[in-house]
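As a plain string of letters, each chain reads:
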Amino acid sequence: MTQLSRRDFLRRATSPDPEPPARVRPPGAVAEREFLARCTGCMDCVEACPHSSIHTLAAHVHPGAGTPVMVVNARPCHMCEGFPCAAACGEGALVVPERRAVRLGSVEIDVGRCLPYLGPDCGACIGLCPAGAEGGIQMLMGRPWVDVEACVGCGLCIGACVVRPSAIASI
């Protein structure tokens with residue numbers, strides 16, 4: 001165990017709160033610190049999601065226990081018309097976004113597992129990007145590649161990948 005000097009102890013004890021950990025929140029989430037202050041854990045957004053893509057953080061996870069998150073590697077976001085998840089939020093933690101403004105993250109392709117990089121044709125991940133994010137994954141010389149500027153991180157391509165576990169992952 002490292003000994004802290006009195007000065008280091010006081011510096012750490014009096015420093016402002018660190019940023020909360022980054023989480024994939026439903027579309028339309030305000031900045032994380034504000035989100036945590038506004039979200040009551042009512043689960044209205046969870047119930048409004050027609051694809052069951054939104055989960056809540058477990059009680060032992062802090063900060064943010066009981067608040068909504070998305071795990072797009074397991075359940076993609078379908079970027080529903082009108083964003084019913086955000087529309088259901090009465091606390092202002094989620095606000096209905098403009099489709100082109102939504103960005104949940106991005107994905108990456110494991111070229112050591114992706115079929116077109118190993119020889120056979122595939123393309124199961126192509127053409128799935130939601131409206132407003134067309135071209136997140138494109139074919140280049142018969143192989144998929146991620147356009148990080150266009151990818152919104154919805155995860156639809158992850159679920160469509162025929163390789164198990166998927167050769168595509170959220171980052």
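For the structure, see preceding data.
Sequence order as written defines residue numbering, which begins from 1 separately in each chain. Reporting of local features is limited, given that this is a predicted model, to residues whose pLDDT is at least 70; pairs of side-chain atoms are given and counted only at 80 or more, and all residues count toward the totals for whole chains, interfaces and linings. Just so you know, side-chain values use all the structure's heavy atoms and leave hydrogens and water out.

Caption draft 1: Summary view of the pattern of salt bridges. By definition here, a salt bridge exists when the distance from a side-chain nitrogen of Lys or Arg to a carboxyl oxygen of Asp or Glu is within 4 Å. Going through the model one piece at a time under the given rule, you end up with 2 salt bridges. Salt-bridge contacts for glutamate 34 lead to arginine 38; the nearest nitrogen and oxygen are separated by 2.9 Å. Separated by 4 residues within a single helix, glutamate 34 and arginine 38 lie in helix 2 (residues 32-38), roughly one turn from each other. Elements are defined by DSSP. Helices are runs of H or I of four residues or more, strands are runs of E of two residues or more, and each kind is numbered from the N terminus.

Caption draft 2: A look at unusual backbone geometry. Of note, the amide linkage connecting histidine 62 to proline 63 takes the cis form, showing an omega dihedral of -5°. Inspection of the secondary structure assignment puts proline 63 in the loop between strand 1 (54-56) and strand 2 (68-70). Residue arginine 164 is joined to proline 165 through a cis peptide bond whose omega torsion reads -15°. Looking at the secondary structure, you find proline 165 in the loop between helix 6 (156-160) and strand 6 (168-170). With a phi angle near 50°, methionine 79 is a residue other than glycine that sits in the positive phi range. Counting through the fold element by element, methionine 79 comes out in the loop between strand 2 and helix 4 (84-87). For methionine 79, a relative accessible area of 5% corresponds to the buried category. Buried residues are those whose accessible area, probed at 1.4 Å on protein chains only, stays under 20% of the maximum for their type, while exposed residues exceed 50% and partly exposed ones sit between those limits.

Caption draft 3: Main features of the nonpolar core. To qualify as a nonpolar core, a set must consist of buried Ala, Val, Leu, Ile, Met, Phe, Trp, Tyr and Cys residues joined through side-chain atoms within 4.5 Å. Counting 22 residues, the largest nonpolar core has Ile54 and Met79 as the members making the most contacts within it. Breaking this core down by element, the ones donating at least two residues are helix 3 (44-48) and helix 4. Discounting chain neighbours no more than four positions away, the residues touching isoleucine 54 are Pro26, Cys45, Val46, Cys49, Pro68, Val69, Met70 and Cys85. Among the nonpolar cores identified, the runner-up in size contains 13 residues, and Val107, Val146, Cys151 and Val163 belong to it. Contacts between residues were defined by any pair of non-hydrogen atoms, one from each residue, lying within 4.5 Å.

Caption draft 4: A look at the layout of surface pockets. Counted as a void, the largest pocket has a volume near 200 Å³. Residues are called lining when one of their atoms sits within 4 Å of a cavity or pocket point, these points coming from a 1 Å grid over the protein atoms alone, where a cavity is a set in which a 1.4 Å probe fits but cannot get out and a pocket is an open set with protein on both sides within 12 Å along at least five of seven lines. As for the largest pocket, its lining consists of 16 residues, of which Arg23, Arg25, Ala29, Val30 and Arg103 are closest to the centre. Gly falls in the polar group here, along with every residue not listed as nonpolar (Ala, Val, Leu, Ile, Met, Phe, Trp, Tyr, Cys, Pro) or charged (Asp, Glu, Lys, Arg). In the lining of the largest pocket, the residues fall into 11 nonpolar, 1 polar and 4 charged. Grid points are joined across faces, edges and corners, and a volume is the space filled by probe spheres set on the points.

Caption draft 5: Looking closely at the pairing of strand 4 (residues 137-140). DSSP calls a pair of strands paired once it identifies at least 2 bridges connecting them. Sheet topology note: the strand 4/strand 5 (residues 143-146) ladder contains 4 bridges and is antiparallel. Bridge assignment links glutamine 138 to a residue of strand 5, and that residue is tryptophan 145. Counting the residues that bridge the hairpin from strand 4 to strand 5 gives 2 residues, and of these methionine 141 lies at a positive phi of roughly 55°.

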